[in-house]
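Each chain is listed here by its residues.
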Amino acid sequence: PDRSLALPLTYTDGVQDHGHLFPDGIVEHVVELGSAQFFPFYGHITKHLEKMNERYHSPPILSTKKQSPSESDQDAYECRPTAVFPYDWRRPVPELSAQFHEFCESRFPN
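Conventions and cut-offs
- Residues numbered from 1 in each chain as written.
- Predicted model: local features only at pLDDT ≥ 70, side-chain atom pairs only at ≥ 80, totals over all residues.
- Heavy atoms only, no water.
- Helix = DSSP H or I, 4+ residues; strand = E, 2+ residues; numbered from the N terminus.
- Expected span 1.5 Å × (residues − 1).
- Buried < 20%, exposed > 50% of the residue type's maximum accessible area, 1.4 Å probe, protein only.
- Arc of directions from axis to C-beta.
- Contact = heavy atoms within 4.5 Å.
- Salt bridge = Lys/Arg side-chain N within 4 Å of Asp/Glu carboxyl O.

**As for helix 3 (residues 93–107)**
For helix 3, with 15 residues, the first-to-last C-alpha span of 20 Å sits near the 21 Å given by 1.5 Å per residue. All buried positions along helix 3 are accounted for by Glu95, Leu96 and Phe103. Relative to the axis of helix 3, the buried residues are bounded by an arc of 95° and lie together on one face. Residues of helix 3 that are exposed and angled more than 90 degrees away from the buried face: Val93 and Pro94. As for helix 3, its buried residues are in contact with strand 2 (15–16).

Next comes the structure, spelled out in structure tokens:
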């Protein structure tokens, strides 16, 4: 089987062809062969960002406890809309930048 990660050396309309490989997510963990141990890579970060995104999009919980300004500031700081942008690291930076811009415009329209 072909195990090459190289991009094809063919171009269509001045853009290098993609070939048969496409990103389908991020590297969440790495497995050490021989011991079958999992080592976190980006997985723990994306889990944290997913929780942050859920808090941002969930309705606020009304509390009878009065929050101090620093507590409410901390909640606002920890609560942001987030998204994961999987990309093909082999592609040129200008192409990735355009894709990232389109991704941001569609995920965060305002």
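**Remarks on the pattern of salt bridges**
On inspection of all chains with the given rule, the structure shows two salt bridges. Here Asp88 makes a salt bridge to Arg90, at a shortest N to O gap of 2.7 Å. We classify Asp88 as buried; its relative accessible area is 9%. Its salt-bridge partner being Arg91, residue Glu95 comes within 2.8 Å of it at the nearest N-O pair. For the pair shown, Glu95 and Arg91 are each scored as buried.

Spatial relationships are all this shows, so hold off on functional conclusions.
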